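Here is how the chains run, residue by residue.
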Amino acid sequence: LQGSELWRRFHEIGTEMIITKAGRRMFPSVRVKVKGLEPLKQYYIAIDVVPVDSKRYRYVYHSSQWMVAGNTDHSCITPRLYIHPDSPCSGETWMRQIISFDRVKLTNNEMDDKGHIILQSMHKYKPRVHVIAQDSRFDLAQIQSLPAEGVQTFSFQETEFTTVTAYQNQQITKLKIDRNPFAKGFRDPGRNR
């Protein structure tokens, strides 16, 4: 995991990710480096986001923490795979670069047809990165779910997050504004000019 220090800072206070109907990019975004691939073999790299548990959460302002608000049913939403746009690529190429999923968008629109990752608000999720060896039996560019073999999956505890339609924890809002290069419009006027 690249940028793990920033992820850890968010994780310590409880990472929140905004989801919208149109889809919102994640910040921090998931960026990884891989090693141990066969240099000449072709691989697809994909990400999905899966529920951490079957609970729904609410934010309690006076204690500044997330509390379980009840149970939920995730069975209606199958995790959507987002295939990295550089796929397929040789192991050698993948191992040479940082693989960034900065274009992934999160949505709460269950009818989404743009390939965004569909999540429910006020739930806890974790991203998973999949390294999928190319297999001539399958057209991986069209896959909706992971093949049964030839897949290695990685997840990082510090990337867990709670989905929101507006930030609940003010410390998260502040950290996002301070660290996200795309949030410069929210910073104090006069800074960084």
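Since we're looking at a predicted model, the values are computed, not measured. (Residues numbered from 1 in each chain as written. Predicted model: local features only at pLDDT ≥ 70, side-chain atom pairs only at ≥ 80, totals over all residues. Heavy atoms only, no water.)

A. Fine view of the pairing of strand 14 (residues 161–164). Here strand 14 shows two buried faces, one formed by F161 and T163 and the other by T162 and V164. In this structure, strand 12 (residues 124–133) lies alongside strand 14, joined through two bridges in antiparallel fashion. In the strand pairing of strand 14, Y125 is matched with F161. (Buried < 20%, exposed > 50% of the residue type's maximum accessible area, 1.4 Å probe, protein only. Helix = DSSP H or I, 4+ residues; strand = E, 2+ residues; numbered from the N terminus. Pairing = 2+ DSSP bridges.)

B. Structural detail: helix 1 (residues 4–13). Listed as buried for helix 1 are S4, L6, W7 and F10. On an axial view of helix 1, the arc spanned by its buried residues comes to 155 degrees, and they lie on one face. Across from the buried face of helix 1, at angles greater than 90 degrees, the exposed residues are E5 and E12. Just beyond helix 1, the residue with positive phi is G14, at close to 100 degrees. (Arc of directions from axis to C-beta.)

C. Unusual backbone geometry, seen in detail. In this model, F27 is joined to P28 through a cis peptide bond whose omega is -5 degrees. Examined against the element boundaries, P28 turns out to sit in the loop between strand 2 (24–25) and strand 3 (31–32). A cis geometry characterises the amide bond from S87 onward to P88, with omega recorded as -10 degrees. Mapped onto the secondary structure, P88 falls in the loop between strand 7 (82–83) and strand 8 (89–90). In this model, S64 sits at a positive phi of 50 degrees, which is unusual for a non-glycine residue. Here S64 lies in the loop between strand 5 (55–60) and strand 6 (65–71).

D. Summary view of the environment of I45. Within the secondary structure, I45 is located in strand 4 (residues 42–51). Taking the C-alpha atoms as reference, I45 lies 8.6 Å from I99; in sequence the two are 54 residues apart. Among all residues touching I45, those that are not within four sequence positions of it are V34, Y82, I83, H84, S87, W94, I99, F101, V129, H130 and V131. (Contact = heavy atoms within 4.5 Å.)

E. Just the pattern of salt bridges, in detail. According to the stated counting rule, one finds six salt bridges in the structure shown. With a closest N to O distance of 2.7 Å, D48 and R128 form a salt bridge. Placement of the pair is D48 in strand 4 and R128 in strand 12, with a sequence separation of 80 residues. Several salt bridges converge on common partners, so that one network encompasses E5, R8 and E158. (Salt bridge = Lys/Arg side-chain N within 4 Å of Asp/Glu carboxyl O.)

F. Structural context of the pairing of strand 12. Across the ten residues that make up strand 12, a large majority, seven, are buried. Note that strand 4 and strand 12 share nine bridges and pair antiparallel. When the sheet's bridge partners are listed, A46 is paired in strand 12 with H130. Relative to strand 13 (residues 151–155), strand 12 is paired through five bridges, and the arrangement is antiparallel. Residue pairing across strands places V129 opposite F154, the latter belonging to strand 13.

G. Structural detail: empty space enclosed by the protein. Summed over all chains, the structure comprises one cavity of 30 Å³ or more. Here the largest cavity defines a volume of roughly 70 Å³. Lining the largest cavity are V49, V50, P51, H74, I77, T78, P79, I118, L119, Q120 and Y125. A total of three residues in the lining of the largest cavity trace back to one element, the largest contributor, which is strand 4. (1 Å grid on protein atoms, 1.4 Å probe; cavity = no way out; pocket = protein on both sides within 12 Å on 5 of 7 lines; lining within 4 Å. Points joined across faces, edges and corners; volume = space filled by probe spheres on them.)

H. Quick peek at the side chain of T163. Structurally, T163 is set in strand 14. Within polar-contact distance, the side chain of T163 engages the backbone oxygen of Q120 at 2.5 Å. Every residue in contact with T163, bar those within four places of it in the chain, is listed here: M17, I19, L119, Q120, S121, M122, H123 and Y125. (Polar contact = N/O pair within 3.5 Å; in protein donor to acceptor, adjacent residues only side chain to side chain.)

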